[in-house]
Amino acid sequence: MKRGVVLVTGGAGFIGSHTVDRLLEKGYRVRVLDNLHPRVHPRGKPLWLSPEAEFLHGDVTRRPDWERALEGVEAVVHLAAYQDYMPDFSTFFHVNTEGTALLYEVAVERRLDIRKVVVASSQAVYGEGCHRCEEHGVVYPEMRPLAQLQRGDWAVRCPHCGRPVAWEPTDESVVHPQNAYAMSKYAQEMIALNLGKRYGIPTTALRYSIVQGPRQSFANAYSGVCRIFCTSLYLGRPLMVYEDGQQVRDYVNIRDAVEATLLALEDPRTDNQVFNVGGGRPYTVLEFAHTVLRVAGKEGRIEVPGIFRFGDTRHICSDITRLRSLGWSPRYTPEDSVREYLAWLSSQECRADLLDSAQAHMQAVGVLRRVEVRA
Ligand SMILES: NC(=O)c1ccc[n+]([C@@H]2O[C@H](COP(=O)([O-])OP(=O)(O)OC[C@H]3O[C@@H](n4cnc5c(N)ncnc54)[C@H](O)[C@@H]3O)[C@@H](O)[C@H]2O)c1
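Remember, predicted model here, so these are calculated numbers, not experimental data. (Residues numbered from 1 in each chain as written. Predicted model: local features only at pLDDT ≥ 70, side-chain atom pairs only at ≥ 80, totals over all residues.)

Novice: Please provide a residue-by-residue account of the overall build of the chain, values included.
Specialist: When helices and strands are tallied, the chain shows eleven helices and 18 strands. The C-alpha radius of gyration of the chain comes to 20 Å, within 12% of the 21 Å expected for a compact globule of 375 residues. Dimensions of the chain, computed from C-alpha atoms along their principal axes, come out at roughly 60 × 50 × 40 Å. For the chain, buried positions account for 46% of its 375 residues. A separation threshold of at least 6 residues defines the contact pool for the chain, and within that pool the share at least 24 residues apart is 82%. (Helix = DSSP H or I, 4+ residues; strand = E, 2+ residues; numbered from the N terminus. Rg over C-alpha atoms; globule rule 2.2 N^0.38 Å. Buried ≥ 20, exposed ≤ 12 C-beta atoms within 10 Å, placed from the backbone. Contact = placed C-beta atoms within 7 Å.)

Okay, structure coming up:
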């Protein structure tokens, strides 16, 4: 028997299209709302989008598009978003925050019978995340000042005594969003969880760590270490590492991220809560660069030229205990993700100018900067 209609916003994108495939596989009927943003889809509707899904070309910032998309829908996976590090601050709030408010506005106004909403938040809401100071215990440090980074001093410091601190896994309890994307995502969570609770629309927010796998658009070369390193290698370029490469991250494979999303959609124990969806193991960026070379079996060069992204987090690694307690755990490794991404990349036509123009743009607007004096 066919299950109800699930609306996937951003369903043409990376996480969205894999979610669509899995939902179809499980017998759901699927509708996609996506504006085919040119930075993600420079060639329009991607071929990987299943023809079995109903496709609506529309925008989550437009009420009529939500009205059309929500008609007869049983559940929503809200993934459409504006992302990355650029300083067009208002766009983040317009798309991510207002767009989410519109979803609930239309659902409440039309008394729609929506069983569940899953919204995509991000690990970015933690900013520098949880750290430990020898003197002050657990602390949540501020973003590192520009002058410090320009000296090539990458340390995260205790907000009380200024001494360098050690990172710890970050659980869901304390958020500290520092950039426009992170703030818009946290505002989105608050809107979704609070309005959902108030109006009886069970909602779950998922704070994905860095998700990796095929279909992550290489046209958008502003962030995403897997796509940038793999694309660089594919084009015969060096792998350029920001800061000193000792930044810690956790990486989650797309298949694990999709299973977490389906769990949130189907399991009422997740209602009205927020969960980290991470890889469960810390990697330094340099370690990840070596993983890319090893998996590719290529010589490739790794460069650490003293460049940094202003506003970037130094170390962040999510604690995934809460989601593990519901039976989910990551099954795939970053090696799997790199292997799958490289295989997919070899079937694509990827261009050097996309990498170059993203770099040039980030430099022009002051996101990408160079160390001025070594510490
Ligand atoms: N990929 C990651 O590592 C990661 C990490 C944390 C959180 N997230 C969140 O997961 C979600 C999906 O990310 P992704 O990596 O699949 O991104 P993506 O860029 O591959 O996909 C996003 C999709 O949304 C569409 N879109 C953008 N603006 C839209 C709008 N105004 N109206 C309708 N559609 C619009 C795009 O065309 C695209 O198809 C986002 O909400 C993102 O913030 C992703």
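Novice: Outline the sheet that holds strand E6 (residues 131–133), listing residues and values.
Specialist: Pairing in this open sheet of three strands is antiparallel, and the strands run E7-E6-E8 from one edge to the other. Two strands lie at the open edges of the sheet, namely strand E7 (137–139) and strand E8 (166–167), each paired on one side alone. Pairing between E6 and E8: two bridges, direction antiparallel. Note on E8: the bridge partner recorded for arginine 132 is alanine 166. (Pairing = 2+ DSSP bridges.)

Novice: An account of the site of the ligand is requested, with residue identities and associated values reported.
Specialist: The environment of the ligand is formed by 29 residues, the closest being Gly10, Gly13, Phe14, Ala80 and Ala81. When contributions to the shell around the ligand are tallied by element, the ones reaching two or more residues are helix H1 (14–25), strand E2 (29–34), strand E5 (116–122) and strand E10 (210–212). Sort the elements by how many residues they give to the shell around the ligand and H1 lands first, with three residues. (Near = placed C-beta within 6 Å.)

Novice: Mind laying out helix H10 (residues 334–345), listing which residues take part and the relevant values?
Specialist: In an α-helix, one turn spans 3.6 residues, which is why side chains three or four residues apart end up on the same side. Spanning twelve residues, H10 covers 16 Å between terminal C-alpha atoms, matching the ideal 16 Å at 1.5 Å per step. Listed in full, the buried residues belonging to H10 are Pro334, Ser337, Val338, Glu340, Tyr341 and Leu342. Those residues of H10 that are buried are in contact with E10, helix H6 (225–234), strand E13 (251–253), strand E15 (283–284) and helix H8 (285–296). (Expected span 1.5 Å × (residues − 1).)

Novice: Requested: an account of the pairing of strand E4 (residues 75–78), with residues and values cited.
Specialist: Burial of the side chains of E4 extends over both faces: Ala75 and Val77 are buried on one face and Val76 and His78 on the other. The pairing of strand E1 (residues 5–9) with E4 spans four bridges and is parallel. Residue pairing for E4: valine 8 is matched across the bridge by valine 77.

Novice: Got a sec to walk through helix H2 (residues 63–70)? Specific residues and values, please.
Specialist: For H2, every residue scored as buried is listed here: Asp65, Trp66 and Ala69. Within H2, the buried residues cover an arc of 100° as seen down the axis, which keeps them to one side. Each element contacted by the buried residues of H2 is listed here: E1, E2, strand E3 (54–57) and helix H3 (89–109). (Arc of directions from axis to C-beta.)

Novice: How would you summarise the nonpolar core if you had to cite specific residues and measurements?
Specialist: Membership of the largest hydrophobic core comes to 87 residues, with the highest contact counts inside it found for Leu206, Phe229 and Ala257. When residues of this core are assigned to their parent elements, the largest contribution, eight residues, is made by helix H5 (residues 180–198). Not counting the four nearest positions on each side in its chain, alanine 257 is found in contact with Ile15, Tyr208, Val211, Val252 and Val277. (Core = buried A, V, L, I, M, F, W, Y, C linked by C-beta atoms within 7 Å.)

Novice: Let's hear about the packing of H2 against H3: which residues, and what values?
Specialist: Where H2 contacts H3, the two axes come as close as 10 Å, and the packing angle between them is 60°. As judged from the angle between their axes, H2 and H3 are oblique. Crossing hand, H2 versus H3: right-handed. Residues Arg63, Trp66, Glu67 and Leu70 of H2 lie in contact with H3, whose contacting residues are Leu102, Leu103, Val106 and Ala107. (Axes fitted to C-alpha atoms, helices over the stretch in contact; angles between N-to-C directions. Parallel < 35°, antiparallel > 145°, perpendicular 65-115°, else oblique. Left-handed = near helix turned anticlockwise from the far one by under 90°.)

Novice: Residues and numbers for unusual backbone geometry, please.
Specialist: Positioned with a positive phi, glutamate 243 is a non-glycine residue whose angle comes to about 50°. What makes glutamate 243 buried here is the crowd of 20 C-beta atoms within 10 Å. In the Ramachandran plot, asparagine 272 falls in the positive-phi region, its phi being about 60° despite a non-glycine side chain. By the element assignment, asparagine 272 lies in the loop between helix H7 (254–266) and strand E14 (273–277). Residue classification places asparagine 272 among the partly exposed residues on the basis of 15 C-beta atoms within 10 Å.

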